[in-house]
Amino acid sequence: MIRVLVAEDHTIVREGIKQLIGLAKDLVVVGEASNGEQLLETLRHVPCEVVLLDISMPGVNGLEAIPRIRALNNPPAILVLSMHDEAQMAARALKVGAAGYATKDSDPALLLMAIRKVAAGGRYIDPDLADRMVFEVGLTDARPLHSLLSEREFSVFERLAQGANVNEIAQQLALSSKTISTHKARLMQKLNITSLAELVKYAMEHKLL
């Protein structure tokens with residue numbers, strides 16, 4: 001039996017995933033979490049083979065949680081389940097340690113197959129994303145500006161796009177407001193934008209919200 005822990009902050013989506021997994025005879029949901037901190041705490045007490053991880057959660061988000069999960073003793077395989085069907089986002093998740101990347105509009109049967117594949121030590125990429133990753137991520141000229149952001153800058157960017165201010169982000173990431181302001185200035189320079197309105201527009205245009 002493959003034990004799965006579901007980390008998703010939207011209750012309706014989480015319940016739907018649990019029902020889907022419940023239909024498979026070889027899979028069982030052993031725990032759930034609605035944010036990154038709760039996920040990391042649950043993993044210390046609940047053994048599992050696979051974490052099904054939403055990438056956009058409050059507090060510690062999915063991208064930030066991946067290396068922390070990988071640092072645990074006997075870490076589970078991580079299958080990211082995201083609303084972002086974006087090659088750069090998938091590449092980031094895989095780079096920091098995810099075993100697979102599926103999107104929330106995936107065929108349910110494919111999602112169950114993906115869980116089984118990563119549980120067995122394999123890797124899984126959403127088929128629609130696989131080709132785009134080969135061409136978009138590998139070709140420097142075609143890469144979007146946000147691919148230039150560091151992991152920390154991307155975390156700050158994502159929170160700014162969601163409406164958090166510098167002090168809120170500093171609290172969430174346990175950093176000083178001055179440090180967050182520095183990251184904000186650098187990421188806006190890299191994205192060639194000058195206002196928060198432009199930042200939100202950029203995030204929407206690139207399906208990062």
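Refer to the preceding data block for the structure.
Quick look at the structure, then. No experiment lies behind these values; they were computed from the predicted model shown.

Things to note about the packing of aromatic side chains
Enumeration according to the criterion identifies two aromatic pairs in this entry. Arranged with centres 5.8 Å apart and planes meeting at 45°, the rings of Phe-154 and Phe-157 form a pair that is tilted. Placement of both Phe-154 and Phe-157 in helix α7 (residues 151–161) is noted, with a separation of three residues, approximately one turn of the helix. Taken individually, Phe-154 and Phe-157 each receive the classification buried, so the pair is uniform in this respect. For the pair Phe-157 and Tyr-202, a centre-to-centre distance of 6.2 Å together with 85° between the ring planes defines the contact as edge-to-face. Of the two residues, Phe-157 sits in helix α7 while Tyr-202 sits in helix α10 (residues 196–205), which places them 45 residues apart along the sequence. Assigned by exposure class, Phe-157 and Tyr-202 land together as buried. Chaining the aromatic ring pairs together yields one cluster made of Phe-154, Phe-157 and Tyr-202.

What counts as what
- Residues numbered from 1 in each chain as written.
- Predicted model: local features only at pLDDT ≥ 70, side-chain atom pairs only at ≥ 80, totals over all residues.
- Heavy atoms only, no water.
- Phe/Tyr/Trp six-rings, centres within 6.5 Å; stacked < 30°, edge-to-face > 60°.
- Helix = DSSP H or I, 4+ residues; strand = E, 2+ residues; numbered from the N terminus.
- Buried < 20%, exposed > 50% of the residue type's maximum accessible area, 1.4 Å probe, protein only.

Just geometry here; none of it tells us what the structure is for.
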